[in-house]
Amino acid sequence: MKQIPMTVRGAALLKEELDFLKNIRRPEIIKAIAEAREHGDLKENAEYHAAREQQGFCEGRIQEIEGKLGNSQIIDVTKLPNNGKVIFGATVVLLNVDTEEEVSYRIVGDDEADIKASLISVNSPIARGLVGKEVDDTVVISTPGGKVEFEIVEVNYI
């Protein structure tokens with residue numbers, strides 16, 4: 001099975017969600033099902049059907065998280081020597097050559113990606129264009145607005 005790259009932070013967040021689902025959410029749903037059963041006829045009991053549906057979603061998410069954690073390859077870039085190359089987990093400061101605007105992105109796994117927090121997926125076009133490059137390299141990234149030229153200003157392993 002294919003290994004899923006994940007940062008230490010991403011793995012911790014998934015473990016936290018898994019713990020919440022197993023130890024808090026699952027018992028709440030079981031209690032809701034038990035209460036709904038007490039109301040009588042299950043065929044026409046909307047509370048019962050809603051609780052069972054929630055249980056299905058919860059169990060599905062638990063299986064999904066366990067699968068991801070089981071196949072994860074946790075990469076801690078802070079333990080790697082910084083040789084100036086863009087790798088998974090690195091934080092990259094880019095300079096837009098046309099606008100002289102600086103942006104910073106951290107390359108993370110698919111589950112951790114959040115563009116508003118400057119976390120981009122390793123599978124995104126920007127990350128694919130950056131991985132393997134070094135400080136002072138110029139890269140051209142295809143974006144929805146057209147091709148954009150960036151210069152790599154800084155690469156940090158934090």
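Our subject is the structure listed above.
Residues numbered from 1 in each chain as written. Predicted model: local features only at pLDDT ≥ 70, side-chain atom pairs only at ≥ 80, totals over all residues. Heavy atoms only, no water.

Peer 1: Can you break down the overall build of the protein residue by residue, with the values?
Peer 2: Tallying secondary structure elements over the protein gives three helices and seven strands in all. In the protein, the succession of helices and strands from N to C terminus is β-α-α-β-β-β-β-α-β-β. Its C-alpha atoms give the protein a radius of gyration of 22 Å, more than 25% over the compact-globule value 15 Å for 158 residues. Summarising its shape, the C-alpha atoms of the protein cover approximately 70 × 35 × 25 Å along the three principal directions. Burial analysis of the protein (158 residues in total) assigns 34% to the buried set. With the model as given, the accessible surface of the protein reaches about 9,800 Å², and the carbon-plus-sulfur share is 51%. (Helix = DSSP H or I, 4+ residues; strand = E, 2+ residues; numbered from the N terminus. Rg over C-alpha atoms; globule rule 2.2 N^0.38 Å. Buried < 20%, exposed > 50% of the residue type's maximum accessible area, 1.4 Å probe, protein only. Areas by Shrake-Rupley, 256 points an atom, 1.4 Å probe, with all protein chains shown as cover.)

Peer 1: Can you tell me about the environment of K31, naming the residues and giving the values?
Peer 2: With respect to the helices and strands, K31 occurs in helix α1 (residues 8–37). Expressed as a C-alpha distance, the spacing of K31 and C58, which sit 27 residues apart in the sequence, is 14 Å.

Peer 1: Let's hear about the environment of V140: which residues, and what values?
Peer 2: Tracing the backbone through its elements, the reader meets V140 in strand β6 (residues 138–143). Between the C-alpha atom of V140 and that of L69, which follows or precedes it by 71 residues, the distance is 34 Å. Aside from chain neighbours lying at most four places away, what touches V140 is K147, V148 and E149. (Contact = heavy atoms within 4.5 Å.)

Peer 1: Would you mind going over the side chain of S121 in detail, with residue names and values included?
Peer 2: Looking at the element boundaries, S121 is found in strand β5 (residues 119–121). Here the side chain of S121 touches D110 through a polar contact of 2.4 Å, side chain to side chain. A polar contact is formed between the side chain of S121 and the backbone nitrogen of N123, at a distance of 3.0 Å. (Polar contact = N/O pair within 3.5 Å; in protein donor to acceptor, adjacent residues only side chain to side chain.)

Peer 1: Residues and numbers for the side chain of T7, please.
Peer 2: In this fold, T7 is placed in strand β1 (residues 4–7). Note on T7: relative accessible area 1%, which makes it buried. Side-chain polar atoms of T7 contact the backbone nitrogen of G10, separated by 3.1 Å. T7 has contacts with I74, I75, F88, G89, R106, V108 and E112, leaving out every residue within four places of it along the chain.

Peer 1: Just give me the short version of the nonpolar core, but keep the residues and values in it.
Peer 2: Core analysis: the largest hydrophobic core is formed by 21 residues, its most contacted members being V86, V92, L94, I107, L130, F150 and I152. Those elements that place two or more of their residues in this core are β3 (91–96), β4 (102–108), α3 (125–130), β6 and β7 (146–156). For this core, the element with the most residues is β7, which contributes four residues. Contacts of F150, omitting those with residues within four sequence positions, involve L94, L95, N96, V97, V103, D137, T138, V139 and I141. (Core = buried A, V, L, I, M, F, W, Y, C linked by side-chain atoms within 4.5 Å.)

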